[in-house]
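Fold and geometry: a report
Chain by chain, the residues run as shown.
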Amino acid sequence: MSSEGRQKYSLRKEVVERLPLAYVPLPGRRNPVLIVKSTNSVVLDVTVDLGGEGLELNGPVTDDLVNAVAAFINGLSKVTGFEGGVKVEIYGTKEVIDSFLYAAVTNSVLEILGGEVDEALIRSANVLDSRIGVDDSVKALRNYVRFSRPYLWREGEGAFELGLEALIDYEVIDKEVMNYVEPLEPDVITHLAGISIIRASQSLRDRHELIRATRLINSLWHLIYGVPLPDEEALRLVVKGLGQAYVIEVLGIKVLEGEGS
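Keep in mind the model is a prediction, meaning the values are calculated, not measured. (Residues numbered from 1 in each chain as written. Predicted model: local features only at pLDDT ≥ 70, side-chain atom pairs only at ≥ 80, totals over all residues. Heavy atoms only, no water.)

1. Observations concerning the overall build of the protein chain
In plain terms, the rule: Strands here mean DSSP runs of E at least two residues long; helices mean DSSP runs of H or I at least four residues long; both are numbered from the N terminus. C-alpha atoms define the radius of gyration, and 2.2 Å times the number of residues to the power 0.38 defines the globule rule. Think of it in three bands: residues with accessible area under 20% of the maximum for their type are buried, residues over 50% are exposed, and the middle band is partly exposed, with areas taken using a 1.4 Å probe on protein chains only. When checking whether two residues touch, look at their non-hydrogen atoms; a contact exists if any pair is within 4.5 Å. Charge convention: Lys and Arg are scored as positive, Asp and Glu as negative, and His as well as the terminal groups of each chain are ignored. Think of each charge as sitting on NZ of Lys, CZ of Arg, CG of Asp or CD of Glu.
Within the protein chain one finds six helices and nine strands. For a compact globule of 261 residues, the expected C-alpha radius of gyration is about 18 Å, and the protein chain comes in at 19 Å, within 12% of that figure. Expressed as a percentage of the 261 residues in the protein chain, the buried residues total 49%. Across the protein chain, the fraction of contacts at a sequence separation of at least 24, relative to all contacts at a separation of at least 6, is 74%. Averaged over its 27 positive side-chain charges, the protein chain has a centre that lies 3 Å from the centre of its 39 negative ones.

Right, dumping it as structure tokens:
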């Protein structure tokens, strides 16, 4: 098909980043994920060319991001019969976690092809996510289009929005390789991880309590994946990316009470 005959559909939007602030990935286990909005944002310029082919991603991208988006689009083509090329330009002033970029980019492609990204479309996209092999934090992040406030998500239960507004100001301190070692007592570790994530969701108003909750989460990351324990003098957290662990320092948390809280 000539370029003159191609149908192209574009979408340009600014998206506020969300973080899987509290989460410990455990293979074969289903723990909750706490998703909180950050002060970062990116501008996405996405074009779907129905007469084209291939994927082009430009901007602050990782190899993991390129591979995951390519796998998602390939899976989408097999399921829906979609044929075409996708070009994405990402503009941002600060580093953004690549797992969020995966959710934002693929949600934008879904919006171009299928309209509003609602709960039903997210569930369908999560099926593809599972086939690709991304973890629960990535599937949880898809729901950012539905909520402005922090929310908890668990596989099989969906998302539950918290009764407050929160913004996390942070910077990336380091990135670590994840070397998984199965814990001796996986049931105990799963229980501890679940408790710490719920406690973190209840502690966004209280920095001291949040540090206590995230200290346990960081310790589990160290135990299971060998991620070095962050300096405890600051509020530093281990956050799951697509294929690596980000160590972030929380510079500030702005919390506003929401309706009904």
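The discussion continues.
2. Section: the pattern of salt bridges
The cut-off we apply is this: Whenever Lys or Arg places a side-chain nitrogen within 4 Å of a carboxyl oxygen from Asp or Glu, that contact is recorded as a salt bridge.
Counted by the stated rule, this structure contains 17 salt bridges. For Lys 87, the salt bridge goes to Glu 89, with nearest N and O atoms at 3.9 Å. One salt bridge connects Arg 146 with Glu 119, and the closest N-O pair in it is separated by 3.5 Å. You can see Arg 146 sitting in the loop between helix H4 (136–141) and strand S5 (151–154) and its partner Glu 119 sitting in helix H3 (residues 119–132), a full 27 residues away along the chain.

3. Some points on a nonpolar patch on the surface
Spelled out, the test is: Put simply, a patch holds well-exposed residues, over 30% relative accessible area, that have no salt bridge, with like charges counted together within 9 Å and Val, Leu, Ile, Met, Phe, Trp or Tyr side chains within 5 Å. Residue-level accessible areas treat just the shown protein chains as cover; the underlying method is Shrake-Rupley with a 1.4 Å probe.
The grouping of Tyr 9, Leu 50 and Leu 113 at the surface amounts to a nonpolar patch, some 240 Å² of accessible area in total. Tracing the chain through its elements places Tyr 9 in strand S1 (residues 8–22).

4. Focus: the packing of helix H5 (residues 186–201) against helix H6 (residues 207–225)
To keep it simple, the criterion reads: For every element, the axis is a line fit to its C-alpha atoms; helices are fit only across the contacting stretch, and the angle between N-to-C directions ranges from 0 to 180 degrees. We call two directions roughly parallel when the angle between them is under 35 degrees, roughly antiparallel when it is over 145, roughly perpendicular when it lies between 65 and 115, and oblique otherwise. Here is the rule for handedness: rotate from the far helix to the near one, and if that takes an anticlockwise turn smaller than a right angle the crossing is left-handed, while a clockwise turn gives right-handed. Gly counts as polar in this scheme, as do all residues outside two lists: the nonpolar Ala, Val, Leu, Ile, Met, Phe, Trp, Tyr, Cys and Pro, and the charged Asp, Glu, Lys and Arg.
Where H5 meets H6, the axes come as close as 8 Å, and the angle between the chain directions of the two elements is 150°. In terms of axis orientation, H5 runs roughly antiparallel to H6. H6 is crossed by H5, and the crossing has left-handed handedness. Between H5 and H6, the contacting residues are Ile 189, Leu 192, Ala 193, Ser 196, Ile 197, Arg 199 and Ala 200 on the first element and Leu 210, Ala 213, Leu 216, Ile 217, Leu 220, Leu 223 and Ile 224 on the second. Residue composition of the contact of H5 with H6, by class: 12 nonpolar, one polar and one charged.

5. Looking at the environment of Val 16
Topologically, Val 16 is positioned in strand S1. By relative accessible area, which is 30% here, Val 16 ends up partly exposed.

6. Quick notes on H6
The criterion, for reference: Multiplying 1.5 Å by the residue count of a helix minus one yields the expected span of that helix. Directions drawn from the helix axis to the C-beta atoms are what define this arc. For the purposes of these results, a polar contact is taken to be a pair of N or O atoms within 3.5 Å, where, inside protein, one atom must be able to donate a hydrogen and its partner to accept one; residues adjacent in sequence count only when each atom of the pair is a side-chain atom.
The end-to-end C-alpha distance of H6 is 26 Å, a good match for the 27 Å that 19 residues give at a rise of 1.5 Å each. Listing the buried residues of H6 in full gives Leu 210, Ala 213, Thr 214, Ile 217, Asn 218, Leu 220, Trp 221, Ile 224 and Tyr 225. The buried residues of H6 all sit within an arc of 155° when viewed along its axis, so they share a single face. Of the exposed residues in H6, the ones pointing more than 90 degrees away from its buried face are His 208 and Arg 212. Elements that come into contact with the buried residues of H6 comprise S1, H5, strand S8 (236–240) and strand S9 (245–257). Two to three positions downstream of the cap, the backbone nitrogen of His 208 sits 3.0 Å from a side-chain oxygen, assigning the N-cap of H6 to Asp 206.

7. Regarding helix H1 (residues 63–80)
Given a rise of 1.5 Å per residue, 18 residues ought to cover 26 Å, and the 26 Å separating the end C-alpha atoms of H1 matches this to within 8%. Of the surrounding secondary structure, the elements contacted by the buried residues of H1 are strand S3 (55–58), strand S4 (85–92), helix H2 (98–114) and H3. Following H1 by one or two positions, Gly 81 has its phi on the positive side, about 85°.

8. Observations concerning the nonpolar core
Applicable threshold: As used in this record, nonpolar core signifies buried Ala, Val, Leu, Ile, Met, Phe, Trp, Tyr and Cys residues forming a set joined through side-chain atoms within 4.5 Å.
Judged by nonpolar contacts, the single largest core of 43 residues is most densely connected at Leu 44, Leu 65, Val 86, Ile 90 and Tyr 102. For this core, the elements supplying multiple residues, two or more each, are S1, strand S2 (33–49), H1, S4, H2, H3, H4 and S5. Broken down by element, this core gets its largest block of residues, nine residues, from H2. Residues Ile 168, Ile 217, Trp 221 and Tyr 225 belong to the second largest nonpolar core, which totals 36 residues.

9. Comments concerning the packing of aromatic side chains
The line we're drawing: A pair of aromatic rings is counted whenever rings of Phe, Tyr or Trp (Trp by its six-membered ring) have centres within 6.5 Å, and the orientation is called stacked for planes under 30 degrees apart, edge-to-face for over 60 and tilted otherwise.
Scanning all chains against the criterion turns up five aromatic pairs. Note on Tyr 180 and Tyr 225: the rings are 5.6 Å apart at their centroids and 50° apart in plane angle, and the pair reads as tilted. Residue Tyr 180 is located in the loop between strand S7 (164–176) and H5, and its partner Tyr 225 is located in helix H6; the two are separated by 45 residues in the primary sequence. You can call Tyr 180 partly exposed: its relative accessible area is 38%. Judged by its relative accessible area of 5%, Tyr 225 is buried. Connected via pairs of aromatic rings, a cluster forms that spans Tyr 180, Trp 221 and Tyr 225.

All we've got here are geometric facts, nothing functional implied.
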